[in-house]
Amino acid sequence: MGKLVRNKIPDIIRQGGEEPVITVLDGVDYRNALLTKLFEEATELGEASPSEVAEEIADVYEVLRALATVHGHDWSAIEKVAANKREERGGFHHRLYLA
């Protein structure tokens with residue numbers, strides 16, 4: 001079974017002397033692969049050591065940016081929606097947990 005990879009990964013594999021087998025996904029399969037990748041990256045974030053956290057957050061961020069694009073949203077529009085929600089409902093910095 002394959003997995004979605006960053007654009008330069010096939011070139012990196014070639015530099016290592018191997019020839020990757022690549023498929024370009026259609027829109028539906030790409031969206032589904034991005035969602036799978038998001039869960040994969042979120043799991044890696046949950047398991048990351050303190051020194052790995054920033055890199056794993058960056059991976060989650062990159063997948064979220066791609067998902068926004070797939071759904072026709074510019075990232076700056078997503079940031080505005082997030083700011084509006086934060087203004088209306090707050091953020092998470094108070095660490096509140098509703099039991």
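Structure's up top.
What counts, and at which threshold
- Residues numbered from 1 in each chain as written.
- Predicted model: local features only at pLDDT ≥ 70, side-chain atom pairs only at ≥ 80, totals over all residues.
- Heavy atoms only, no water.
- Phe/Tyr/Trp six-rings, centres within 6.5 Å; stacked < 30°, edge-to-face > 60°.
- Helix = DSSP H or I, 4+ residues; strand = E, 2+ residues; numbered from the N terminus.
- Buried < 20%, exposed > 50% of the residue type's maximum accessible area, 1.4 Å probe, protein only.
- Expected span 1.5 Å × (residues − 1).
- Contact = heavy atoms within 4.5 Å.
- Axes fitted to C-alpha atoms, helices over the stretch in contact; angles between N-to-C directions.
- Parallel < 35°, antiparallel > 145°, perpendicular 65-115°, else oblique.
- Left-handed = near helix turned anticlockwise from the far one by under 90°.
- Nonpolar A, V, L, I, M, F, W, Y, C, P; charged D, E, K, R; others polar.

Asks: What should I look at first to understand the packing of aromatic side chains in this one?
Replies: We describe a pair of aromatic rings using the distance from one ring centre to the other and the angle between the two ring planes. This structure, assessed with the given rule, holds one aromatic pair. With a centroid separation of 5.5 Å and 85° between ring planes, the pair formed by tyrosine 61 and tryptophan 75 is classed as edge-to-face. With tyrosine 61 in helix H3 (residues 53-70) and tryptophan 75 in helix H4 (residues 75-89), the pair connects residues that are 14 residues apart, well separated along the chain. With a relative accessible area of 17%, tryptophan 75 lands in the buried category.

Asks: Hey, could you run me through helix H2 (residues 27-47) in this one?
Replies: Because an α-helix packs 3.6 residues into every turn, residues spaced three or four apart end up facing the same way. For H2, with 21 residues, the first-to-last C-alpha span of 30 Å sits near the 30 Å given by 1.5 Å per residue. The inward-facing, buried residues of H2 contact H3.

Asks: For this particular structure, what's the right way to read the packing of H2 against H3?
Replies: Describing two packed helices takes the angle between their axes plus the distance from one axis to the other. Following both chains from N to C, one finds H2 and H3 inclined at 160°, their axes separated by 9 Å at the closest point. On the basis of their axis angle, the class for H2 and H3 is roughly antiparallel. Crossing handedness for the pair H2 and H3: left-handed. Residues Tyr30, Arg31, Leu34, Leu35, Lys37, Leu38, Glu41, Ala42, Glu44 and Leu45 of H2 lie in contact with H3, whose contacting residues are Val53, Glu56, Ile57, Asp59, Val60, Val63, Leu64, Ala66, Leu67 and Val70. Its residues placed into classes, the contact of H2 with H3 shows 14 nonpolar, no polar and six charged.

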